[in-house]
Amino acid sequence: MTLESDCRHCEENMKLLHTADWHLGKKLEGRDRLEEQKQVMRELCELAERHDVDLVLAAGDIFDVYTPGAAAEELFYDSVLALSAGGRRAVVVVAGNHDDPQRLCAARDLAKRHNIFISGGCRDLFELPERNFAVRAVEAAPGALVFEKDGERAAVALLPYPSDDRSFAVAEKELSYDEKVQRWLNTELFGPESLNLALGHLFLAGSKAESGQREIEAGGAKAVSAGTFSACHYAALGHIHRRQHAKNAYYPGSIMPYHFDEDNDKGVYLLEGGKNGIEAQTFLPLTAYRPLVRLSAESVEQAHALLAENAGSYAELTLKLPRPLTFAENKALRQSYPDLITLRLVTESSEAGGVFTSRKKLTPRELFEAFYEQRYSHPPEGELTEEFLRLLEEESL
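Residues numbered from 1 in each chain as written. Predicted model: local features only at pLDDT ≥ 70, side-chain atom pairs only at ≥ 80, totals over all residues. Heavy atoms only, no water.

*Asks:* I'd like a rundown of the overall build of the protein chain, residues and numbers included.
*Replies:* Looking only at helices and strands, one finds 10 helices and 18 strands in the protein chain. Per-residue burial for the protein chain yields a buried fraction of 53% across its 397 residues. Considering only intrachain contacts with a sequence separation of at least 6, the fraction spanning at least 24 residues in the protein chain is 65%. Of the roughly 18400 Å² of accessible surface on the protein chain, a fraction of 49% belongs to carbon and sulfur atoms. (Helix = DSSP H or I, 4+ residues; strand = E, 2+ residues; numbered from the N terminus. Buried < 20%, exposed > 50% of the residue type's maximum accessible area, 1.4 Å probe, protein only. Contact = heavy atoms within 4.5 Å. Areas by Shrake-Rupley, 256 points an atom, 1.4 Å probe, with all protein chains shown as cover.)

Below is the structure:
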């Protein structure tokens, strides 16, 4: 059965939303994007409400760094509370490699009161909430939970980002990474009367990651095979920013583009299923972010035209010229298009390369002029040199 199909409402099934890689607090070359992230998270909550979702699965990299700022943490708490809708739906979150498990789980006991479950380590054991939610956790085992609604059950095996320093025992060092993950994936609560799910933050062998993603394992040393999830009806994964799947293991991708080599096809998976597995699945786009575009021009005029056509997007521009940009041309581009994040100038001399010799005894002016002439085969304009020296003086204050 092809899972990528339109979701049709089925009263006896549970409805799930699979999301991943929020990276709250992440910046773009120093540009703050928290307001965009607030809009995207609001859109995500609206999708959960519109489609009457029972269970939200968030597959890691909630934050971008181990020590997120207060605004990013506030957005996380506000978002999971909104997703839970006062406990009407359950929310399950696992830590990714960008998350500090202890920090992410700091409010776990409080979150549980709102039907929110946060897992930072392999084989976490949850106490079941006392409150009788419509979608409620009814069983728990190390690294696993079972949720129930109107007699329908969903068993979820939890696998936060596993690494030797976080989760794996010293005695297991002789095992391969894939074998360790298979051992840690607890399927004891799976059964013939439940929808059996895995929620993890992992690199699946054969997955295609963008070059901008840091800490993606190379060479397959820390990759798991799709067969790891053979006991599952569906594996809800995070870690890769590009939407893709292998067998029953799916990545929805990140909630918005974070690097210029990512596409702008972002969203979440909506699922319907029960004891017979996933019966319907569709990809729901997220659109409340500003796109990232890569542009290439061979004249200053063409660069202006392309940037104007893509107004509203963050741009990376490669400009190929037979000569360097003048100071006035560069200033005009920057001032006219404040969302031009990166300008890469390619000239005939820069492509040819050259040898840079030591100039330790030169003054800053002489050093800048020598570098510029070595790079572009002619001296810089006086206005450009003066602007460089002014910026250098400001930096030293």
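*Asks:* Before we move on, can you summarise the packing of aromatic side chains with the specific residues and values?
*Replies:* For the structure on display, the rule yields eight aromatic pairs. Measuring from ring centre to ring centre gives 5.5 Å for Phe63 and Phe76, while their planes differ by 70°; the resulting arrangement is edge-to-face. Of this pair, Phe63 sits in the loop between strand 4 (55–59) and helix 2 (70–84) while Phe76 sits in helix 2, and the two are 13 residues apart along the sequence. Grouping residues by exposure puts Phe63 and Phe76 together as buried. Put simply, the rings of Tyr234, Tyr250, Tyr269 and Phe283 touch in pairs and so form one group of aromatic residues. The lysine or arginine in question, Arg108, covers the ring of Phe126, its NZ or CZ lying 5.0 Å from the ring centre. Residue placement shows Arg243 over the ring face of Phe283; its charged tip is 3.8 Å from the ring centre. (Phe/Tyr/Trp six-rings, centres within 6.5 Å; stacked < 30°, edge-to-face > 60°. Lys NZ or Arg CZ within 6 Å of the ring centre and 35° of its normal.)

*Asks:* For the pairing of strand 16 (residues 292–297), give the residues involved together with the corresponding values.
*Replies:* Both strand 16 and strand 17 (residues 314–321) contribute to a ladder of six bridges, which runs parallel. In the sheet register, Arg294 faces strand 17, and the bridge partner there is Glu316. (Pairing = 2+ DSSP bridges.)

*Asks:* Tell me about the sheet that holds strand 15 (residues 277–285), and name the residues and values.
*Replies:* Taken together, the six strands give an open sheet; going across it, the order is 6-5-4-1-14-15, and neighbouring strands pair in mixed fashion. Each edge of the open sheet carries a strand with a single partner, namely strand 6 (116–119) and strand 15. Between one strand axis and the next, the sheet turns through 20° on average, direction left out of account. Relative to strand 5 (residues 90–94), strand 4 runs parallel, the two sharing five bridges. Among the inter-strand pairings, Ala58 is bridged to a residue of strand 5, identified as Val93. (Axes fitted to C-alpha atoms, helices over the stretch in contact; angles between N-to-C directions.)

*Asks:* Outline the sheet that holds strand 9 (residues 152–159), listing residues and values.
*Replies:* The seven strands lie next to each other as 7-8-9-10-11-13-12, forming an open sheet whose pairing is mixed. What marks the edges here is a single partner per strand, and that holds for strand 7 (136–141) and strand 12 (244–246). Geometrically, the sheet is characterised by an average inter-axis angle of 20° between neighbouring strands, direction not taken into account. Of the pairings in the sheet, the one linking strand 10 (residues 194–201) to strand 11 (residues 234–238) comprises five bridges and is parallel in character. Its bridge partner lying in strand 11, Leu197 is registered against Tyr234.

*Asks:* Describe the pattern of salt bridges, listing the residues and the values that go with them.
*Replies:* Summed over all chains, the structure comprises 20 salt bridges. The partner of Glu148 in a salt bridge is Arg153, and the shortest N-O contact between them spans 3.4 Å. For Glu148, a relative accessible area of 17% puts it in the buried group. Each of the salt bridges in this network shares a partner with another, and the network as a whole consists of Arg136, Glu139, Glu148 and Arg153. (Salt bridge = Lys/Arg side-chain N within 4 Å of Asp/Glu carboxyl O.)

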